[in-house]
Amino acid sequence: MHVAYREDRERKNRLKYGDDCRRLYQNTGKKRGGLWWTYVLTLVFKIGVDATFVYLLYHIYEGYDFPSLIKCQQKPCPNTVDCFIARPTEKRIFTIFMVVTSLVCIFLSIIEILYLVGKRCRECLTAGHHTHHPMTNNISSGSHLMESSTLKRVPKCTPETPAPSYSSAIS
């Protein structure tokens, strides 16, 4: 949804100011800022849900094994009664399949979080090495500093007012 929101803002900006206008985002699908945090928190939430499922399933059924016969001694049974579980082998196989699938999802989500955090740390470290050169050729553009060699001449189609924020676009 975050990427769709960015693409919609880009589309509206092009419709309003023409196709030659300055882009609002360099890459709408790139995981930066809010999108990166949203994605990482979604992975953490998914890990929590899967781990809770595996834990509860283990404790509810006292393991992942379904017995074929249970001796029932609780009310309303007046005596000890034999209760047979229908298709215990199929239930066991399906339960083990679900648990293994959840464990694989947990493992892959952890690997993905480690990859994303490692990639972000590597980008921060490499960006830190590039900032040690003198800033004599830099031009200030709002709150961001850009090197003069990377600036591009854009036709005068940039809006006089910035694009509306998300909260004002909804209301």
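You'll find the chain entered in an unreviewed UniProt entry as Gap junction protein, with Takifugu rubripes given as the organism. Taken directly from UniProt, the Sequence similarities (unreviewed entry) text for the chain runs: "Belongs to the connexin family." Comment text from UniProt for the chain, heading Function (unreviewed entry), reads "One gap junction consists of a cluster of closely packed pairs of transmembrane channels, the connexons, through which materials of low MW diffuse from one cell to a neighboring cell."

*Asks:* What is the right way to read the overall build of the chain from this model?
*Replies:* Across its full length, the chain carries 4 helices and 4 strands. When the helices and strands of the chain are read in sequence order from the N terminus, they spell out α-α-β-β-α-β-β-α. The buried share of the chain, taken over its 171 residues, is 15%. In the chain, the share of contacts with a sequence separation of at least 24, taken over all contacts with a separation of at least 6, comes to 54%. Of the roughly 14,000 Å² of accessible surface on the chain, 62% is carried by carbon and sulfur atoms.

*Asks:* How do you make sense of the confidence of the model for the chain when you look at a structure like this?
*Replies:* Low pLDDT means the predicted atomic positions in that stretch should not be read closely. For the chain, per-residue confidence averages 76 on the pLDDT scale, and 71% of positions sit at 70 or higher. Looking over the chain, one finds the lowest element-wise mean pLDDT in strand 3 (residues 138-141), namely 43, and the highest in helix 2 (residues 34-60), namely 91. Scored below 50 in pLDDT, residues 134-151 makes 14 contacts in the model with residues more than four places away or belonging to other chains.

Conventions and cut-offs
Residues numbered from 1 in each chain as written. Predicted model: local features only at pLDDT ≥ 70, side-chain atom pairs only at ≥ 80, totals over all residues. Heavy atoms only, no water. UniProt positions renumbered as here; feature names shortened; annotations may be inferred. Helix = DSSP H or I, 4+ residues; strand = E, 2+ residues; numbered from the N terminus. Buried < 20%, exposed > 50% of the residue type's maximum accessible area, 1.4 Å probe, protein only. Contact = heavy atoms within 4.5 Å. Areas by Shrake-Rupley, 256 points an atom, 1.4 Å probe, with all protein chains shown as cover. pLDDT = per-residue confidence, 0-100.

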